[in-house]
Structures are given as structure tokens and as C-alpha cells.
Amino acid sequence: MRLVILDDYDLSSEWAAKYIRNKIIQFQPSADRCFTLGLPTGSTPYGCYQKLIEYYRNGDISFKYVKTFNMDEYVGLPRAHPESYHSYMWNNFFKHIDIDPANAHILDGNVDDLEAECQAFEQQITKAGGIELFVGGIGPDGHIAFNEPGSSLVSRTRVKTLAKDTIVANARFFGNDLSKVPTMALTVGVGTVMAAKEVMILITGAHKAFALYKAIEEGVNHMWTVSAFQQHPRTIFVCDEDATLELRVKTVKYFKGLMHVHNKLVDPVLSIKDQ
Amino acid sequence: MPSNKSVSDAPITQFINCSILREHKLQREDLWVRGGRILDPEKLFFDEQGYADECVDCEGSIITPGFIDVQINGGYGVDFSQASDDVSGCVSIVAKKILEHGVTSFCPTLVTSPPAVYHKVLPQVKVHSGGRHGAGVLGVHLEGPFISVEKKGAHPEQFLRSFQGGGVVDLMETYGGLDDVAMVTLAPELAGSESVVRALCQRGVTVSLGHSVANLSQAEDAVSSGASFITHLFNAMLPFHHRDPGIVGLLTSDRVPAGRTVFYGMIADGIHTNPAALRIAHRAHPSGLVLVTDAIAAMGLPPGSHTLGQQVIEIQGLHAYVAGTKTLSGSIATMDMCVRHFKQASGCSVEEALEAASLHPAQLLGLSHKKGTLDYGSDADLTLLDDDLNVRATYISGEEVWRKDP
């Protein structure tokens, strides 16, 4: 694992965005060979999306040949609802960039046959050649996507009932009214993300610190599903100082000492203008 | 990129680099148009996997719904109340020129006239959509002749009428018909007006109170019967009095039926209404304010002397005087001037100033589901403005119909 620690939220968002930018440009995507990107929602990746939009506006990157697969979507929430993950992706990312609408894949939580939708999503990923880079976040209960504590670490895309912690954490988006928060979601499985070539987890804020500790300093455990990535060959955790508050000083010092190595991944930052 | 337009083949235009008036706020958002209507880009993206065929760079302009003028008597030498043989040609001249003021729809207004004039003119003015040829006609505004003799203003006294035949009969006799009529201004204190107000409202014609000496109670009765507008507030009505506010009192009346709004026209040219009076009205009832030009034939003509019909008019700046006198002969401000002046005089927000010329007139005419807003599905009648609210370009049904020379 690489643990990349930046001073604050903005710097960690920028580091992550530069990493994604370099990965896409190095891949040199084209009409026959798209770069496949797994994407999260929520407040953590917001800053990263803002930076990516900035890079697109400056002409340094294009998403024309990028295929995206979002991690999850609520069940039963109308797609046009401002809190649906479709709305989040449209307003915070898709509408600002040049992605081909046919390349943006998000699970549909309003179909009649939810299981078929999940299977179709897995097939779409396979058809696209697998995911090059899956970007994700972590819940306060250590979950990745909606793989709540107790989820199988080899699970695939399926319907999940949300844990109480998650519903409470999401209430702030529904006027703090617990009864308005969706109780089920479609989500990629831990196994689905593990199958990606590379995984990048964004973790910022003191409220995520305990989950980060459980994910990287304790064992692989289905109660803290992000811990599964200890067994992935290429995982990067990008976090801010606050998220490291529950880690051992030794761990933090070790990885901070490696920043000069980590920074080679984002410096120099590439641009399509130079191609 | 190949396109998958499952819903329509019509080209999609995306207006970028603009601030659009949506949900009562100016927001930095792109505006999407297809088939002459505002398009929901999120639905386009997810449902149709569609994208824009054409991008229009608005260079930082404000995009407002096109202005709607519900009281305009003519302009550029044209007087709608003249019984010419080519009325529709005359209306077209004005319709084309007012595009430059950001007006995309209007109600040609006829002042008090003899029945012969109505019988000749009205059949020639039809409701029709706007386009390159000019702003759309929403219907005629008939200001008179069923008005008060004491408040006739510039209307010719000999052609004023009352409802002596019983009401609706008089309407039909005078006007000849009500097809393509959007609004009628009348004085509610005239005997028999109640059945007329009800009959007009039933036909979908907006009833406006004006040129009247009605007291507040009579005005409220008319509103209960369906009247919903006040023609040029303050002008040609009894002044506000603290024990009987008259028609002006409708702005804060508690007898307006629930769910209904009384709208009121204001000529915000800085001349017809003192700015302090404009502010009082605005602060008392901001959501009812409708900017109108009440422009006369002299509007749009260059400074100097002009012969219009039987009169010689002298234009000096924004004032139009009867030649050789200081008597105002009518308003010659354009709608965009009124918007700018209203904002400056009232201190209101940009959004409020724009809505007074677009959303409120659309709501008044019951058209806000397709005009007066930039909501998804509305007609794409747009006015592009710079930060000082000068008109840069005008669009009707998504098509550019006027652009200012650079």
C-alpha cells in the first residue's frame, strides 16, 4: 500500500486529481481503447472533482475516451432527486466536462429487476476490459461503497440494506430527517473493486480517522471492508493530516518520509497540450 | 461522437459562459435548447445519452426570459388604434423593432376608439408566435372604451361607453368580437360591470382596472369577480387616501381571494411616476409589479419634431411633448430602459427587475407554464444582457432574432 499524507483537504484533493490526470494521460486513451475509471460520490471526492474540472477547462485533460463506472446508487430514489447519485455526478462532474454520455455508467435504482441491473453492470465492466483505476472513499464504519460491515470481501455488485451508521451519516443530505433517507442501495462489491488494476481510496477528516486505523493497521476483517485492499497489489490511500489521527506515530512518520517518492507520481504533471 | 437521440432529431444548442435567471436567482449555468424549448440537460445525458450539436458562447451575458410588454400603443410612427388597411403590417413594424429592446412577446394596445375602428382593426390582429419577423403577439389589450369620464386621460371623451345594453351585449357590439383579445381595461364602478368582468374571465380574457374613480370596495368586488390587473398604477385613478385607498389599496387588500395575485402595471420611465411612488408600490407588493412601456407612436423616433396623426410631437430625451408645450403626450421609453430605471430607482435586485418584465407579465396572462421563465419545457424566448442590463441579443424559440452590432 501507498499511504500519501497531505496537510489538508485541498492539498489531498489536488494530489488525487493530479494522480488521476497523469494516469489517464499516460494511458493515451483513444476511440478503440478507453480508460476505465471507477468513481465515488460524497463530500470527500468533491474537491478532487473540482480540480479535475479545472484541468479540463484549462485544456490539460480530456474525458472523451474515459469510461466511468460509479460505485453505487440509492434504491427507489427518483433519478431527478437532488440527492440521487445521478444528480451528484451530473452536477459535480459530468456537466462540466466532455465525457460521452454513453460512457458514463451508474447503477439504476429504479428498475423492476434490481438483481438483473447488478449483473448487467458487472457485465458492462467486463465488456469495457475491466477497471484501470477505481477511486473510492471510506465510510465512518469503514465501508467501501455500500459494502456495510459484514459484507463478503469477495462480493460483487448487488442490493444492500444500509446500516444504521450509514443512514445517520446520510441524514444531513435529507434535511436531517431519518425517515427520508433511502434504506437500500445498489453497490459494487468488495470483489468488484478488488478486480480493478489499481485502487485509490480518498480519506479526509478526523471523523474518518478511526476507520482508516482499522483499515490499515488492523487485520483484514469484513467488519471494516476497506481492509480488504491490504490484499490488492496496487492500493493508494490519499488522506489529510486529520485522517491520520488514530494511526501510530511510527506509521505516519514512515509514510511521510516516503512523500518524495510518492510525489514522483504527480510531478511532473502531464498535459494533453504537450502530446 | 455518434449521437443517440431517441426522443427527437432536432438540433440541440448549448448556451455557455452565461448567467441564467432560474428559480428567482441568477446562476452560472449553461442553458440548453431543443425544438424551440428549454431542455433538461441531465435528462438528455442520462435518458438519451445526448449532447449538444452547437455551442453558443455568451461571453458572460445574463440570460433572462424574453421581456413581455402587455401595454404598448405603437411606436416608430405606428399607432395601433389607427384604422389603417394594413394593420398587421403596422403591428409587424413595431414587433420587429421591439426585439432590440429585448421584448419577445407583446399585447398591441388599442385606446378608446369608436366601434368602427375596433371592427376594422381587431380582425387583422391575430395571436401568433414570434420569430425573425418580430416579437410574438399574445393578444390585443383593449384599454377602453368602458372607462370613467373623469379619468379619461388622453382618451377621446366622445367614444367612452357604459354597459347600458346589459353588459356582454355592449362588449360584443363595441368590439365586434373577443377572439385574439388578451386583456380588457375597464372601470369597475360602471353599472353592470360585474357580469362583464365574469364573462370576460370565463373566456380567458384578463380583466384590468383602470381609468376609474372606483373606491377600494368597488375594486375589491371586481377582483372577487375575477379582475387581476391594474392598468398603470397611480395614473388615471383616484389618488391614495388613507381612509379610502381606492384602486391603489388593492396592493395590500385582504379581500384578494386566496391563491390569487393582483398584478399592477408600472411605467418606470422616471417621468410618469415619481420614483418614490414607484418604491412605495414595489415595497408594498413586490410580486405583483409588472413593467409596461405604455409606449406611443413616438417611441423609437429620433429627437425632434414629428407629425403623428393630427398631432405634432416634440421628442427631447425621454420626454415626448405636445409641440410647443410642456404637456406630456405619452411614454416613449423602451422596455429595457424601464427595466434599468426600475432597478436603479427601486434599489431592487437584478433578478427582481428582470422578473417584473418577464415572469410577472407571464403569470398575469396565465402563460407562465411556457413563457416568462427558463424552466425546462418553456418556450426558449431569451434576452441576452450585459451586466448593466443593456440588450446584446434576442432569441425567440431558440433562434437568434436580433443581435447588437459589435
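This one's a predicted model, so the numbers in the text were calculated from it and none came from an experiment.

Let's talk about unusual backbone geometry
Cis peptide bonds are those with omega within 30 degrees of zero, and the linkage from D267 of chain A to P268 of chain A qualifies with 10°. Within the fold, P268 of chain A resides in the segment after helix 9 (259-262). Omega for the bond connecting G144 of chain B with P145 of chain B falls within 30 degrees of zero, at 5°, which places this linkage in the cis form. Positionally, P145 of chain B belongs in the loop between strand 11 (140-143) and helix 4 (168-175). Phi is positive for Q49 of chain B, close to 50°, though the residue is something other than glycine. Here Q49 of chain B is to be found in the loop between helix 1 (41-48) and strand 5 (54-65).

Brief notes about helix 1 (residues 9-27) of chain A
All names here are of chain A. With 19 residues, helix 1 extends 27 Å from end C-alpha to end C-alpha; this agrees with the ideal 27 Å at 1.5 Å per step. Among the residues making up helix 1, those that are buried are S12, S13, W15, A16, A17, Y19, I20, R21, N22, I24, I25 and F27. With a side-chain oxygen positioned 3.1 Å from the backbone nitrogen of D10, the residue opening helix 1 is D8. Phi turns positive one or two residues past the end of helix 1, at Q28, with a value near 55°.

A short note on the side chain of T206 of chain B
Residue and element names in this part refer to chain B. Tracing the sequence through the fold places T206 in strand 13 (residues 206-209). Overall, the relative accessible area of 8% leaves T206 in the buried class. Ignoring sequence-local partners within four residues, the contact set of T206 consists of A182, M183, V184, S228, F229, L364 and L365.

Quick word on the confidence of the model for chain B
Mean pLDDT over chain B: 93, with 98% of residues reaching 70 or higher. Two summary scores accompany this predicted model of the complex, namely pTM at 0.91 and ipTM at 0.92.

Points about the domain arrangement of chain B
All names here are of chain B. Each domain of chain B was delimited in the assignment, giving domain 1 (7-65 + 374-403) and domain 2 (67-364). Measuring from the centre of the C-alpha atoms in domain 1 to the corresponding centre in domain 2 gives 30 Å. Each partner contributes residues to the interface: domain 1 has 22 residues there, and domain 2 has 22 residues. The contact between domain 1 and domain 2 buries some 1700 Å² in all, and 65% of this surface belongs to carbon and sulfur atoms. Seen at the junction of domain 1 and domain 2, the total is 1 salt bridge. One salt bridge connects E399 with R132, and the closest N-O pair in it is separated by 2.9 Å. Where domain 1 meets domain 2, there are 9 residue pairs in polar contact (both at pLDDT 80 or more). Of all the elements in the fold, those that place two or more residues in the side of domain 1 that touches domain 2 are strand 2 (25-28), strand 5, strand 20 (382-385), strand 21 (391-396) and strand 22 (399-403). Here the residues of the side of domain 1 that touches domain 2 are counted per class, giving 12 nonpolar, 5 polar and 5 charged.

Notes on the pairing of strand 3 (residues 31-34) of chain B
All names here are of chain B. Covered by surrounding structure in strand 3 are L31 and V33 together with W32 and R34, the residues of both alternating faces. As judged from the 4 bridges shared by strand 1 (residues 12-22) and strand 3, these two strands associate in the antiparallel manner. Paired with Q14 across the two strands is W32, which belongs to strand 3. Sheet topology places strand 3 next to strand 4 (residues 37-38); 2 bridges connect them, and they run antiparallel. Opposite R34, over in strand 4, you have R37 as the bridge partner.

A look at the UniProt feature "domain: Glucosamine/galactosamine-6-phosphate isomerase" (unreviewed entry) in chain A
Summarizing the sequence annotation, UniProt attributes the feature "domain: Glucosamine/galactosamine-6-phosphate isomerase" (unreviewed entry) to residues 15-232 of chain A in the numbering used throughout. With 31% helix and 15% strand, residues 15-232 of chain A has end C-alpha atoms that lie 21 Å from one another.

Considerations on the UniProt feature "active site" (unreviewed entry) in chain B
Residues and elements named next belong to chain B. UniProt's feature table lists "active site" (unreviewed entry) at D294, given in the numbering used throughout. You can see D294 is positioned in the loop between strand 16 (289-291) and strand 17 (304-308). Taking the relative accessible area as the measure of exposure, D294 reaches 14% and is therefore buried. With residues up to four places along the chain from it excluded, the contact list for D294 reads Q71, I72, N73, H232, I267 and S331.

Side note on the sheet that holds strand 8 (residues 184-187) of chain A
Residues and elements named next belong to chain A. Judged by pairing direction, the sheet is antiparallel, and its 3 strands sit side by side in the order 4-8-7 without closing on themselves. Sheet topology places strand 4 (72-74) and strand 7 (158-161) at the edges, where each strand pairs with a single neighbour. Taken pair by pair, the neighbouring strands of this sheet meet at an average axis angle of 30°, ignoring direction. Where strand 4 meets strand 8, 3 bridges bridge the pair, whose relative direction is antiparallel. From the neighbouring strand, Y74 faces strand 8, where its bridge partner is A185.

Cut-offs applied
Residues numbered from 1 in each chain as written. Chains lettered and ligands numbered in written order. Predicted model: local features only at pLDDT ≥ 70, side-chain atom pairs only at ≥ 80, totals over all residues. Heavy atoms only, no water. Helix = DSSP H or I, 4+ residues; strand = E, 2+ residues; numbered from the N terminus. Expected span 1.5 Å × (residues − 1). Buried < 20%, exposed > 50% of the residue type's maximum accessible area, 1.4 Å probe, protein only. Polar contact = N/O pair within 3.5 Å; in protein donor to acceptor, adjacent residues only side chain to side chain. Contact = heavy atoms within 4.5 Å. pLDDT = per-residue confidence, 0-100. Domains from an automatic or database assignment. Buried area = accessible area lost by both parts, 1.4 Å probe. Salt bridge = Lys/Arg side-chain N within 4 Å of Asp/Glu carboxyl O. Nonpolar A, V, L, I, M, F, W, Y, C, P; charged D, E, K, R; others polar. Pairing = 2+ DSSP bridges. UniProt positions renumbered as here; feature names shortened; annotations may be inferred. Axes fitted to C-alpha atoms, helices over the stretch in contact; angles between N-to-C directions.

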